[in-house]
2 protein chains.
Amino acid sequence: MADTLLVSVAPAPGSRKADLLAASRRLFSERGYASTSMRDLAEALDMRPASLYSHYRSKEDILWEIALDCARAFHHRVLPLAEAGSPPGDRLAAMLKAHVEVIIEWRDSAAIFFREWKHLEGQRREQYAALIHEYETAFVQIIEEGITSGEFQPLDSHLSAYAMLSSANWIHRWYQPGKSLSPEAIGDYIASMALNGLRNDTAPLREAGGEHEGKA
Amino acid sequence: MADTLLVSVAPAPGSRKADLLAASRRLFSERGYASTSMRDLAEALDMRPASLYSHYRSKEDILWEIALDCARAFHHRVLPLAEAGSPPGDRLAAMLKAHVEVIIEWRDSAAIFFREWKHLEGQRREQYAALIHEYETAFVQIIEEGITSGEFQPLDSHLSAYAMLSSANWIHRWYQPGKSLSPEAIGDYIASMALNGLRNDTAPLREAGGEHEGKA
DNA sequence: TATCTTGCCTAACGATCGTTAGGTAGTTTT
DNA sequence: AAAACTACCTAACGATCGTTAGGCAAGATA
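In this text the structure is predicted, and so the values were computed from the model without any measurement.

## Overview of the overall build of chain A
Here is step 1 of the chain: Within chain A, the regular secondary structure consists of nine helices and zero strands.
Here is step 2 of the chain: The linear arrangement of helices and strands in chain A, starting from the amino end, is α-α-α-α-α-α-α-α-α.
Here is step 3 of the chain: Counting only residues that meet the buried cut, chain A has 52% of its 216 residues in that class.
Here is step 4 of the chain: Taken as a whole, chain A presents about 9,900 Å² of accessible surface, with 50% of it coming from carbon and sulfur.

Structure representation (structure tokens):
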């Protein structure tokens, strides 16, 4: 659909433009887009604010490039895994694991993929919302496949997809490279929890799903 | 610890101050704190910007009150459920369900509990971070109880707690009253997914937990 | 050598920000 | 009836915002 958006045009590594992108990713992610001024970015790069406009025509142009970069990573590395021929559970686990790895690898801009893109305006915002919707739909569809085949419980597919993606999307809040588990181990945990839950299957089973249970 | 922070001093319902809080909750949640100006708030209430200062001494004072209100709801309605005498799995399910219900009931300020509090400064920010940490720790501890008793799999307790809270914290992004499921049903889904996972237990079992599985 | 381009600079524009000073009409308290 | 308080107002302050105009030195190109 919006595939032309996803063709990479990354600046040369080590160039001043790449430095600007890196600093923007970090500051937008830490403080938020609205709370990061062009003067903040300039200071981080030891430049004058006006000089930034030699590389980008506006603050929103920077956000747009960062947001697209991150969307590219998710689309290119996760979505192809939806199409393998294995059972839905295996494919979903692989997708979740790849999703987690992208989040960790793109730590600084993952927050932008989830949050800060809302500061885009007009057509860009609509295009980006479509990219995100397309991405989420891949998870919804594979869950529906699994429900149809009987491999998954007949839960609400949208709610399930949002729940498992959300559980991954918070990683950038607490992940610390070196101190936390490896990206692969975290991916395995998240995938396992989404598919098998926290409960130990060898313990006495309980009824699944949901009626009420003693609400105040 | 910071219990005095959690004593409610809510303004009378229907008062102008309550209107201001409601408008602030909605706008801070929709656009973010930094992108909402005092003039925006004034316009939403059909007032002049300066008049807001008859009710609050600063913009941050408004954020602080909203953030505390929301923290109160979580602490008062969820944490007591951690202390019942039932098995960890049952208590955790009840806590998650209550957590979801608070998120939905406090839809407009839940985003502030999770995100916008970072715009608090100095001592307030530290106090609020402590409140959130205290809240999360209750989930971590009950998971550790369940692991010790053998009811839960021996997964990382912090990671598990963050993952299940996160899966709930995204609800405010898509929940639409009337159109979505009831808060109770969503709470049951989230709790069931966290404990039992998506996979149907009557289907052929797979190994749980986490080693690697054929990464590219 | 002459011209063009690149990447930075100084200076400043107009808009918008949170906030304050000072006033006024209506209500409540003394 | 006098005083005090409440909830709003007009006007404006200084700071900061994204951005632009115009210049200048160094390297690339002709």
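## Things to note about the protein's contact with DNA strand D
Here is step 1 of the chain: Near DNA strand D lie 16 residues; those nearest to it are K59 of chain A together with R16, R48, S51 and H55 of chain B.
Here is step 2 of the chain: Protein-proximal atoms of DNA strand D, defined as those within 4 Å of the protein, fall in sugar or phosphate at a share of 49%.
Here is step 3 of the chain: For DNA strand D, a phosphate oxygen lies 2.7 Å from a polar atom in the backbone of R48 of chain B.
Here is step 4 of the chain: Here the residues of the surface near DNA strand D sort into five nonpolar, six polar and five charged.

## Focus: the packing of aromatic side chains
Residues and elements named next belong to chain A.
Here is step 1 of the chain: Applying the stated criterion across every chain, the model contains 25 aromatic pairs over all chains.
Here is step 2 of the chain: Measuring from centroid to centroid gives 5.8 Å for W117 and Y128, while their planes differ by 35 degrees, and the two rings are tilted. Here Y128 lies in helix α6 (residues 123-149) and W117 lies in the loop between α5 (107-114) and α6, a separation of eleven residues in the sequence. Accessibility assignment for this pair places W117 and Y128 in one class, buried.

## Quick notes on the protein's contact with DNA strand C
Here is step 1 of the chain: In the vicinity of DNA strand C lie 16 residues, with R48, S51 and H55 of chain A together with Y53 and K59 of chain B positioned nearest.
Here is step 2 of the chain: Take the atoms of DNA strand C that sit within 4 Å of the protein: sugar and phosphate atoms are 49% of them.
Here is step 3 of the chain: Between R48 of chain A and DNA strand C, the recorded distance is 2.7 Å, taken from a backbone N or O atom to a phosphate oxygen.

## Looking at the packing of helix α3 (residues 59-78) of chain B against helix α6 (residues 122-149) of chain B
Residues and elements named next belong to chain B.
Here is step 1 of the chain: Following both chains from N to C, one finds α3 and α6 inclined at 20 degrees, their axes separated by 11 Å at the closest point. Considering their axes alone, α3 and α6 lie roughly parallel with respect to each other. The element α3 and its partner α6 pack so that their crossing is left-handed. Counting all contacts with α3, which are made through E60, D61, W64, A67, L68, A71, F74, H75 and V78, the residues of α6 involved are R124, Q127, Y128, L131, E134, Y135 and F139.
Here is step 2 of the chain: Tallied by class, the residues present in the contact of α3 with α6 amount to ten nonpolar, two polar and four charged.

## Examining the nonpolar core
Here is step 1 of the chain: Residues Y128 of chain A together with Y128 of chain B are the most contacted members of the largest nonpolar core, which totals 143 residues.
Here is step 2 of the chain: If near-sequence neighbours (up to four positions away) are discounted, Y128 of chain B is found in contact with W64, A67, L68, A71, F113, W117 and L120 of chain B.

## So, the pattern of salt bridges
Here is step 1 of the chain: If you walk through the whole model with that rule in mind, you get 23 salt bridges over all chains.
Here is step 2 of the chain: Measuring nitrogen to oxygen at the nearest pair gives 3.3 Å for the salt bridge that ties R115 of chain B to E116 of chain B. An identical accessibility class is assigned to R115 of chain B and E116 of chain B; each is buried.
Here is step 3 of the chain: Through salt bridges with shared partners, a single ionic network connects R25, D69 and R72 of chain A.

## Points about the confidence of the model for chain A
The predicted coordinates should not be examined in detail at positions where pLDDT is low.
All names here are of chain A.
Here is step 1 of the chain: Summing up the model confidence of chain A, the mean pLDDT is 88 and the portion of residues at 70 or higher is 91%.
Here is step 2 of the chain: Element-level mean pLDDT values for chain A span from 87 in helix α8 (residues 171-174) up to 97 in helix α2 (residues 38-44).
Here is step 3 of the chain: In the model, residues 203-216 has pLDDT below 50 throughout and makes 19 contacts with residues more than four positions away in sequence or in other chains.

## Side note on the environment of I186 of chain B
Here is step 1 of the chain: Residue placement: I186 of chain B occurs in helix α9 (residues 183-196).
Here is step 2 of the chain: A relative accessible area of 0% places I186 of chain B in the buried class.
Here is step 3 of the chain: I186 of chain B sits 85 residues away from E101 of chain B along the chain, and the two C-alpha atoms are 8.3 Å apart.
Here is step 4 of the chain: Apart from residues lying up to four places away in sequence, I186 of chain B is in contact with L159 of chain A together with V100, I104, I171, W174, Y175 and L181 of chain B.

## Focus on unusual backbone geometry
Note: most peptide bonds trans; most residues except glycine with negative phi.
Here is step 1 of the chain: Positive phi, close to 60 degrees, is recorded for D46 of chain A, a residue that is not glycine.
Here is step 2 of the chain: As for its position among the elements, D46 of chain A is in the loop between α2 and α3 (59-78).

## A word on the environment of L198 of chain B
Here is step 1 of the chain: Residue position: L198 of chain B is located in the segment after α9.
Here is step 2 of the chain: Sequence-distant contacts of L198 of chain B, that is, excluding residues within four places in its chain, are made with L92, I143, F152, Q153, L155, S160, M164, A194 and L195 of chain A.

How each quantity is defined
- Starting afresh in each chain, residues are numbered from 1 along the sequence in its written order.
- Lettering of chains starts at A and numbering of ligands starts at 1, both following the order in which they are written.
- Residues qualify for local features only when their pLDDT is at least 70, as the model is predicted, and side-chain atom pairs are given and counted only at 80 or more; totals for whole chains, interfaces and linings, by contrast, use all residues.
- Hydrogen atoms and water are omitted, and side-chain values are computed over all heavy atoms in the structure.
- Numbering of helices and strands runs from the N terminus; a helix is a DSSP stretch of H or I covering at least four residues, while a strand is a stretch of E covering at least two.
- Between buried and exposed lies partly exposed: a residue is buried under 20% and exposed over 50% of the maximum accessible area for its type, with that area taken using a 1.4 Å probe on protein chains only.
- Every accessible area reported is derived by Shrake-Rupley at a probe size of 1.4 Å, with residue values counting cover from the shown protein chains alone.
- Proximity criterion: a residue is near a molecule or strand once any of its heavy atoms comes within 4 Å of it.
- Any pair of nitrogen or oxygen atoms within 3.5 Å is treated as a polar contact; in protein, a donor-acceptor pairing is required on top of that, and neighbouring residues in sequence qualify only through side-chain atoms on both sides.
- Just so you know the grouping, Ala, Val, Leu, Ile, Met, Phe, Trp, Tyr, Cys and Pro go in nonpolar, Asp, Glu, Lys and Arg go in charged, and all remaining residues, Gly too, go in polar.
- Aromatic pairs are defined between Phe, Tyr and Trp rings, using the six-membered ring for Trp, whenever the two ring centres lie within 6.5 Å; interplanar angles under 30 degrees are classed as stacked, those over 60 as edge-to-face, and all others as tilted.
- Each axis is a line fitted through C-alpha atoms, and for a helix only the stretch in contact is used; angles between axes span 0 to 180 degrees, taken between their N-to-C directions.
- If an angle is under 35 degrees, it is roughly parallel; if it is over 145, roughly antiparallel; if it lies from 65 to 115, roughly perpendicular; otherwise it is oblique.
- Should the near helix be turned anticlockwise from the far one by less than a right angle, the crossing is left-handed, and should it be turned clockwise, the crossing is right-handed.
- Throughout, a contact is declared for two residues whenever any of their heavy atoms are within 4.5 Å.
- We define a nonpolar core as any set of buried Ala, Val, Leu, Ile, Met, Phe, Trp, Tyr and Cys residues linked to one another through side-chain atoms lying within 4.5 Å.
- Each reported salt bridge corresponds to a side-chain nitrogen of Lys or Arg within 4 Å of a carboxyl oxygen of Asp or Glu.
- Every residue carries a pLDDT, the predictor's confidence in it, which falls somewhere between 0 and 100.

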